[in-house]
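Structural description and commentary
Residues per chain are reported as follows:
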Amino acid sequence: GVAGSLAYARRFGNRRPDEMSAKEKAAALAWLSRGLKEAMLGFIGRAVDKRYALRAAVYEFEYQEVLGAFKQAHARGVDVRIIYDARKQKKKNEAAIKKAKLRKTLCIPRKRDPARIAHNKFIVLLKDGVPIEVWTGSTNITEKGIFGQCNQGHMVRDATTAKQYVQYWETLSNDPEADALKKVT
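In this report, the structure presented in the accompanying data block is examined. (Residues numbered from 1 in each chain as written. Predicted model: local features only at pLDDT ≥ 70, side-chain atom pairs only at ≥ 80, totals over all residues. Heavy atoms only, no water.)

Comments concerning the overall build of the protein chain
Along its length, the protein chain carries eight helices and six strands. Going residue by residue from the N terminus, the α and β elements of the protein chain occur as α-α-α-β-α-β-α-β-β-β-α-β-α-α. In terms of overall dimensions, the protein chain is globule-like: its C-alpha atoms have a radius of gyration of 17 Å, near the 16 Å expected for 185 residues. Reported as C-alpha extents along the three principal axes, the dimensions of the protein chain are approximately 50 × 40 × 30 Å. The buried share of the protein chain, reckoned over its 185 residues, is 44%. Split by element, the accessible area of the protein chain, about 10,200 Å² in all, is 51% carbon and sulfur. The centroid of the 36 positive side-chain charges in the protein chain is displaced by 2 Å from the centroid of its 20 negative side-chain charges. (Helix = DSSP H or I, 4+ residues; strand = E, 2+ residues; numbered from the N terminus. Rg over C-alpha atoms; globule rule 2.2 N^0.38 Å. Buried < 20%, exposed > 50% of the residue type's maximum accessible area, 1.4 Å probe, protein only. Areas by Shrake-Rupley, 256 points an atom, 1.4 Å probe, with all protein chains shown as cover. Lys, Arg positive; Asp, Glu negative; His and termini not counted. Charge placed at Lys NZ, Arg CZ, Asp CG, Glu CD.)

Structural notes on the environment of Asn174
Relative to the assigned elements, Asn174 resides in the loop between α7 (159-172) and α8 (178-184). Put simply, Asn174 and Glu62 are 112 residues apart on the chain and 23 Å apart in space, counted from C-alpha to C-alpha.

Some details on the side chain of Thr139
Here Thr139 is to be found in the loop between β5 (130-137) and α6 (143-147). Classification of Thr139 as buried rests on a relative accessible area of 6%. Reaching out from Thr139, the side chain makes a polar contact with the backbone oxygen of Gln152 at a distance of 3.0 Å. (Polar contact = N/O pair within 3.5 Å; in protein donor to acceptor, adjacent residues only side chain to side chain.)

Re the sheet that holds strand β3 (residues 107-110)
Sheet architecture is open: six strands sit in the order β3-β2-β1-β4-β5-β6, paired in mixed fashion. Since the sheet does not close on itself, it has two edges, and those belong to β3 and β6 (153-156), each with one partner. Strand-to-strand, the axes of this sheet are offset by a mean angle of 15°, without reference to chain direction. Packing of helix α4 (residues 64-75) onto the sheet brings it into contact with β1 (52-58), β2 (79-85) and β4 (121-127), and relative to β2 it is tilted by some 150°. Across the sheet, helix α5 (residues 90-100) is in contact with β2 and β3; its angle to β2 comes to roughly 155°. (Pairing = 2+ DSSP bridges. Axes fitted to C-alpha atoms, helices over the stretch in contact; angles between N-to-C directions. Contact = heavy atoms within 4.5 Å.)

Set out below in structure tokens:
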């Protein structure tokens, strides 16, 4: 992270992307992404038609390009369902969902235990109803999370792991109390 920060400062004059021209910002974000954004969008894009499904559970869900990728997947016939935090991140997440014109029926708010956060960050890819891959890691779906922190993403191509994530997702979809969720996990 420190080496990356120094390299960024040298290359872009230590300016924030939101202080740059559109062209400079695009170059800075491409450099900062380190392939993270592209890999995440590519993972969502693997769901190409109605034979596929995506199951996501996210905390911060604001970056319009990713929300748009889910919307495009749904338009291709993909069965998309997204659990999002509607406790600490409710206003920002719901404003972003509205701005992206992502159907509310695709989105499941986590509301219980308002003092806690729903800090999940994963997407499961299913084909013909069978979980096949998982995208996970430390990245929140925000500009800062994708470009401004030392976050990472992992693509796990293992059906057993994907099945476990789908089972966890199904539990989360019922918005369980934290104590009940601990017992399941």
